[in-house]
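# Descriptive analysis of the structure
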Amino acid sequence: MKTSIFILSIFALLVLDLSLQSCSNRPAQCPLCDRDVHEHMAVKITHNSIPLKTCCMSCALTYRNQEKNVKIVSATDFQTNATLVPENAFYVVDSDVKPCTHDPRVQKVLREQHETFYACYDRCEPSILAFSKQQDAEAFQQEHAGHVEQFSGLMKWLPVKGGHHHDR
Ligand SMILES: [Zn+2]
């Protein structure tokens, strides 16, 4: 009886410790690339039914291309943070707004390079921002360049598919 209470209290301490760690104020990290998850472009996926919150659509689609049983569950409206059904959203691909690769750990490398020089491969490139309305995506594209796409057209922009390289 005493032993089981001892084990229980150890277990309780462990649980407390874990919950304290998860209460820190750091932004959530993407489990796929360790970058901070930007709330206005988070993408929820499941892998073997386990839910994961990823930093961006490029990162999530790259993962889906690499692993089996990955489903893209939802996207986030870049302007309103609303949760979107991926197939119903409109996307601006490869605009000049690239929150993921503005991560300081990446900037450290890119800042020293000529401004048109991009990393050869980055799982968060190109930037893919989601919008609930086509007109919002088009207005954003007018201002920030890029290409308006629907969900089914996104894969062709990803380097993993071999169709798009940053060798400009
Ligand atoms: Zn990521």
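Residues numbered from 1 in each chain as written. Predicted model: local features only at pLDDT ≥ 70, side-chain atom pairs only at ≥ 80, totals over all residues. Heavy atoms only, no water.

With that settled, consider the overall build of the chain. A tally of regular secondary structure across the chain gives four helices and seven strands. Its helices and strands in sequence order give the chain the pattern α-β-β-α-β-β-β-α-β-α-β, from N to C terminus. Burial status across the chain gives 40% buried among its 168 residues. For the chain, long-range pairs separated by at least 24 residues make up 66% of all intrachain contacts whose partners lie at least 6 apart in sequence. Accessible area of the chain: about 10400 Å², with a carbon and sulfur share of 56%. (Helix = DSSP H or I, 4+ residues; strand = E, 2+ residues; numbered from the N terminus. Buried < 20%, exposed > 50% of the residue type's maximum accessible area, 1.4 Å probe, protein only. Contact = heavy atoms within 4.5 Å. Areas by Shrake-Rupley, 256 points an atom, 1.4 Å probe, with all protein chains shown as cover.)

Ordered by their spatial adjacency, three strands build an open sheet running β6-β5-β7, and the pairing between neighbours is antiparallel. Here the strands that pair on one side only, and so sit at the sheet edges, are β6 (128-131) and β7 (147-150). Strand-to-strand, the axes of this sheet are offset by a mean angle of 30°, without reference to chain direction. Pairing of strand β5 (residues 90-93) with β6, which is carried by four bridges, proceeds in the antiparallel orientation. Its bridge partner lying in β6, F90 is registered against F131. Each of β5, β6 and β7 is contacted by helix α4 (residues 134-144), which is oriented at about 15° to β5, the strand it contacts most. (Pairing = 2+ DSSP bridges. Axes fitted to C-alpha atoms, helices over the stretch in contact; angles between N-to-C directions.)

This part covers the environment of A130. With respect to the element layout, A130 can be found in strand β6. Separated by 53 residues in the primary sequence, A130 and D77 have C-alpha atoms spaced 5.1 Å apart. Residues contacting A130, with those up to four places away along its chain left out, are A75, T76, D77, F78, L84, F90 and Y91.

This brings us to the packing of aromatic side chains. Going through the model one piece at a time under the given rule, you end up with four aromatic pairs. Relative to F131, the ring of F78 lies with its centre 6.3 Å away and its plane at 65°, an arrangement referred to as edge-to-face. Separated by 53 residues along the polypeptide, F78 in the loop between β3 (70-76) and β4 (83-84) and F131 in strand β6 bring together distant segments of the chain. Overall, F78 belongs to the buried group, its relative accessible area being 17%. A relative accessible area of 0% means that F131 is categorised as buried. Taken together, a centroid distance of 5.6 Å and an interplanar angle of 80° make the contact between F78 and F140 edge-to-face. Highlighted residues: F78 in the loop between β3 and β4 and F140 in helix α4, separated in sequence by 62 residues. (Phe/Tyr/Trp six-rings, centres within 6.5 Å; stacked < 30°, edge-to-face > 60°.)

What follows deals with the coordination of the zinc ion. The zinc ion binds to the protein through C30 (SG), C33 (SG), C55 (SG) and C59 (SG); the donor distances cover 2.3 to 2.4 Å. Look at where the donors of the zinc ion fall in the sequence and you get C-x2-C-x21-C-x3-C. Of the two residues examined, C30 and C33, each falls in the buried class. (Donors = N, O, S within 2.8 Å, 3.2 Å for Na, K, Ca; no water.)

Here we come to the pattern of salt bridges. Pairing between side chains becomes possible if they bear opposite charge and their charged atoms approach one another. The tally for this structure, following the rule as stated, stands at two salt bridges. A salt bridge links K53 to E39, with the nearest nitrogen and oxygen atoms 3.3 Å apart. In this pair, K53 is assigned in strand β2 (residues 50-54) and E39 in the loop between α1 (2-22) and β1 (43-47), connecting sequence segments 14 residues apart. Given a relative accessible area of 31%, K53 falls into the partly exposed group. (Salt bridge = Lys/Arg side-chain N within 4 Å of Asp/Glu carboxyl O.)

Note that every value here comes from positions in space, so none of it alone points to a role or purpose.
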